[in-house]
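# An overview of the molecular structure
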Amino acid sequence: MKDAASWWSQRRPEILSDFYTEIYGRMPESLPKVTWEVTAVNESGAVRTKTIVGHIDNSAYPEVTPAGAPQF
């Protein structure tokens, strides 16, 4: 690269592409939709906690049943 403009238009996109594929990983083209539901709200003084549950749309692959919820 001989100047900032050529770096910005050529090398920067290459670096970003490598970062997205190597650091973040590749995302599937068709991700299932996830909807979130608040299932409980607990209040203790000034602290409010919410329990949320994610529901994954597995209609594209009904044989796969996501199960389990992380406990925080």
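This structure is a prediction, so every number in the text was calculated from the model and none was measured.

## A short note on the overall build of the protein
- Looking only at helices and strands, the protein features 1 helix and 2 strands.
- In the protein, the order of α-helices and β-strands from amino to carboxyl end is α-β-β.
- Relative to the compact-globule value of 11 Å for 72 residues, the protein shows a C-alpha radius of gyration of 21 Å, a clear excess of over 25%.
- Across its three principal directions, the C-alpha atoms of the protein cover 60 × 45 × 15 Å.
- Sequence-distant contacts, at least 24 apart, represent 8% of the contacts inside the protein between residues at least 6 apart.
- As presented, the protein carries roughly 6900 Å² of accessible surface, and 56% of it is formed by carbon and sulfur atoms.
- Separation of charge centres in the protein, based on 7 positive and 9 negative side chains, amounts to 8 Å.

## Describing a nonpolar patch on the surface
- A cluster of nonpolar side chains, namely Val34, Trp36, Val38, Val41, Ile52 and Ile56, defines an oily patch on the protein surface of about 570 Å² accessible area.
- Of all the secondary-structure elements, those providing two or more residues to the nonpolar patch are strand S1 (34–44) and strand S2 (47–56).
- Sort the elements by how many residues they give to the nonpolar patch and S1 lands first, with 4 residues.
- Inspection of the secondary structure puts Ile52 in strand S2.

## Structural notes on the pattern of salt bridges
- Under the criterion given, the structure shown has 2 salt bridges.
- Of the charged contacts, one joins Arg48 and Glu43 as a salt bridge, the two residues approaching to 3.6 Å between their closest N and O atoms.
- Assessed through its relative accessible area of 54%, Arg48 is described here as exposed.
- For Glu43, a relative accessible area of 56% corresponds to the exposed category.

## Considering the confidence of the model for the protein
- When the pLDDT values of the protein are averaged, the result is 86; 92% of them are 70 or greater.
- Across the protein, the element-wise mean pLDDT spans from 90 in helix H1 (residues 4–24) up to 94 in S1.

Conventions used here
Residues numbered from 1 in each chain as written. Predicted model: local features only at pLDDT ≥ 70, side-chain atom pairs only at ≥ 80, totals over all residues. Heavy atoms only, no water. Helix = DSSP H or I, 4+ residues; strand = E, 2+ residues; numbered from the N terminus. Rg over C-alpha atoms; globule rule 2.2 N^0.38 Å. Contact = heavy atoms within 4.5 Å. Areas by Shrake-Rupley, 256 points an atom, 1.4 Å probe, with all protein chains shown as cover. Lys, Arg positive; Asp, Glu negative; His and termini not counted. Charge placed at Lys NZ, Arg CZ, Asp CG, Glu CD. Patch = residues over 30% accessible without salt bridge, like charges linked within 9 Å, V, L, I, M, F, W, Y side chains within 5 Å. Salt bridge = Lys/Arg side-chain N within 4 Å of Asp/Glu carboxyl O. Buried < 20%, exposed > 50% of the residue type's maximum accessible area, 1.4 Å probe, protein only. pLDDT = per-residue confidence, 0-100.

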